[in-house]
Amino acid sequence: MSNENHQASHGRALTATIIVIALILVGGFTYQLGRRHALGNAKTASTSQHALKRVGILQYVSHPALNQIHKGVVDELEKEGFIDGKNIQIIDQNGQADQSKLATMSEQLVNKKADVLVGIATPAAQALANATSTTPIVLGAVTDPVAAGLVRDMKAPGKNITGVSDQPPVASEIKLGKELMPQAKTVGMLYSSTEDNSKSQVDTATKAATKLGLKVKKFAVPSSNEIAQTVQVMNGQVDFIYIPLDNTIANAMPTVTEEANKQNKPVITSVDTMVTQGGLATIGVNQYQLGIQTGKMAANILKGKSKPATTPVYTFSTGDTIINKEQAQHLAINVPEKLMKNAKLVTTDVGKNK
Ligand code: TRP
């Protein structure tokens, strides 16, 4: 091969290489463009997936009763066709009895544009109400929504809040205490000074007790740290202890019954979960049912079937009589035949639902 020929073929090879490189570049670029386009589409698709309706649940603290209510809410939403991760997104928050956590979590749920908010227990519902006046809020077991400043009128809430009130049959509970302890002269009320739900219930209970000729002593604890010591003091001053639907006390129920048992002091509660944790008796509303009803109301709002402003707050008119027979035996209490017949008898089951 001559030198000239060699150079010419060299030139042709070079041109060919350049063309190939150019083709690769152009092809690659086109491919990238196409890919980007596809990604863009994928992004749109995932945004529309996030357009799933959102339910934000804020639970005040974990105690057996509130845990049952929470379960009821989620189960009922599912029964109504709202399945978490499939056609709705449930965002769960638990305030662990901490006011500042409740406030931040409420803000977050509102910022995440929840379509419906569920507040389990009064302090959680109050935190949600502080964070929004437009997003629908469903009250999960708030004892006295009016006293807690959450609704103006139980029948016509008027704003963005409705839900379920678990106002227990307080007068019947006190009467039950008197029937089980006919010799009792003084009842001591144990509750937390920070919970609006307890204050209003203790007021009602005080009136009922006074009517029955009982003397009332109130013991409001500032926090859970004072509970053991307070029960020790009560042991020396009262004939039986009455506990309203108080979350702070519910959260420390094993401590309460441990101290009360040291002096054989009967404990009348407002909920069955406190009876299975060592209380003597109650007439209470089933906690899981409270959750079911709350879930139903949330589902109706999601479906656009109802609006909080015009949906009355739901209340339960009856409760079940629950007696801890093990505890009655331990306290040497004779349960009247008539009560025995109508009551659901349980035993202490500390580990349950914890
Ligand atoms: N009603 C309580 C509130 O308004 C919450 C609650 C429901 C509760 N079930 C309970 C508290 C059982 C103590 C025990 O905050």
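What counts and how
Residues numbered from 1 in each chain as written. Predicted model: local features only at pLDDT ≥ 70, side-chain atom pairs only at ≥ 80, totals over all residues. Heavy atoms only, no water. Axes fitted to C-alpha atoms, helices over the stretch in contact; angles between N-to-C directions. Helix = DSSP H or I, 4+ residues; strand = E, 2+ residues; numbered from the N terminus. Parallel < 35°, antiparallel > 145°, perpendicular 65-115°, else oblique. Left-handed = near helix turned anticlockwise from the far one by under 90°. Contact = heavy atoms within 4.5 Å. Nonpolar A, V, L, I, M, F, W, Y, C, P; charged D, E, K, R; others polar. 1 Å grid on protein atoms, 1.4 Å probe; cavity = no way out; pocket = protein on both sides within 12 Å on 5 of 7 lines; lining within 4 Å. Points joined across faces, edges and corners; volume = space filled by probe spheres on them. Buried < 20%, exposed > 50% of the residue type's maximum accessible area, 1.4 Å probe, protein only.

Visitor: Describe the packing of helix α7 (residues 227-237) against helix α9 (residues 253-262), with residues and values.
Guide: The relative placement of two packed helices is expressed as an angle between their axes plus a distance between the axes. Look at α7 against α9: their axes get within 9 Å of each other, and the N-to-C directions meet at 30 degrees. Between α7 and α9, the angle is such that the two are roughly parallel. Viewed along their axes, α7 and α9 form a crossing whose handedness is right-handed. Residues Ile227, Ala228, Val231, Gln232 and Asn235 of α7 pack against Thr255, Val256, Glu259 and Ala260 of α9. Of the residues that constitute the contact of α7 with α9, the class distribution is five nonpolar, three polar and one charged.

Visitor: Quick one: what's the story with the layout of surface pockets, residue by residue and with numbers?
Guide: Here the largest pocket defines a volume of roughly 170 Å³. Every residue lining the largest pocket is counted, 13 residues in all, and those nearest its centre are Ala129, Gly149, Leu150, Lys159 and Ile161. Broken down by element, the lining of the largest pocket gets its largest block of residues, three residues, from helix α4 (residues 122-131). Residues belonging to the lining of the largest pocket are distributed by class as follows: five nonpolar, six polar and two charged.

Visitor: Explain the environment of Glu107 to me, and be specific about the residues and the numbers.
Guide: Tracing the sequence through the fold places Glu107 in helix α3 (residues 99-111). On the basis of relative accessible area, Glu107 is assigned to the partly exposed category, the value being 41%. Distance in space between the C-alpha atoms of Glu107 and Thr132 is 8.3 Å, their sequence separation being 25 residues.

Visitor: So what's going on with the packing of helix α5 (residues 170-180) against helix α6 (residues 196-211)? Residues and values would help.
Guide: Contact geometry for α5 and α6: axes closest at 9 Å, N-to-C directions at 50 degrees. In terms of their interaxial angle, α5 and α6 are classed as oblique. Here α5 and α6 pass one another in a crossing that is right-handed. Judged by residue contacts, Val170, Ala171, Glu173 and Ile174 of α5 engage Gln201, Thr204, Ala205, Ala208 and Ala209 from α6. Its residues assigned to classes, the contact of α5 with α6 shows six nonpolar, two polar and one charged.

Visitor: Summarise empty space enclosed by the protein; cite the residues concerned and give the values.
Guide: Taken as a whole and judged by the stated rule, the model has two cavities of 30 Å³ or more. By volume, the largest cavity is sized at about 140 Å³. Taken together, 18 residues make up the lining of the largest cavity; nearest its centre are His63, Leu66, Asp166, Leu245 and Asn247. Looking at the lining of the largest cavity, the elements with two or more residues in it are α2 (64-79), α8 (247-250) and α10 (272-276). A per-element tally of the lining of the largest cavity places α2 first, with three residues. Of the residues belonging to the lining of the largest cavity, the class tally is nine nonpolar, seven polar and two charged.

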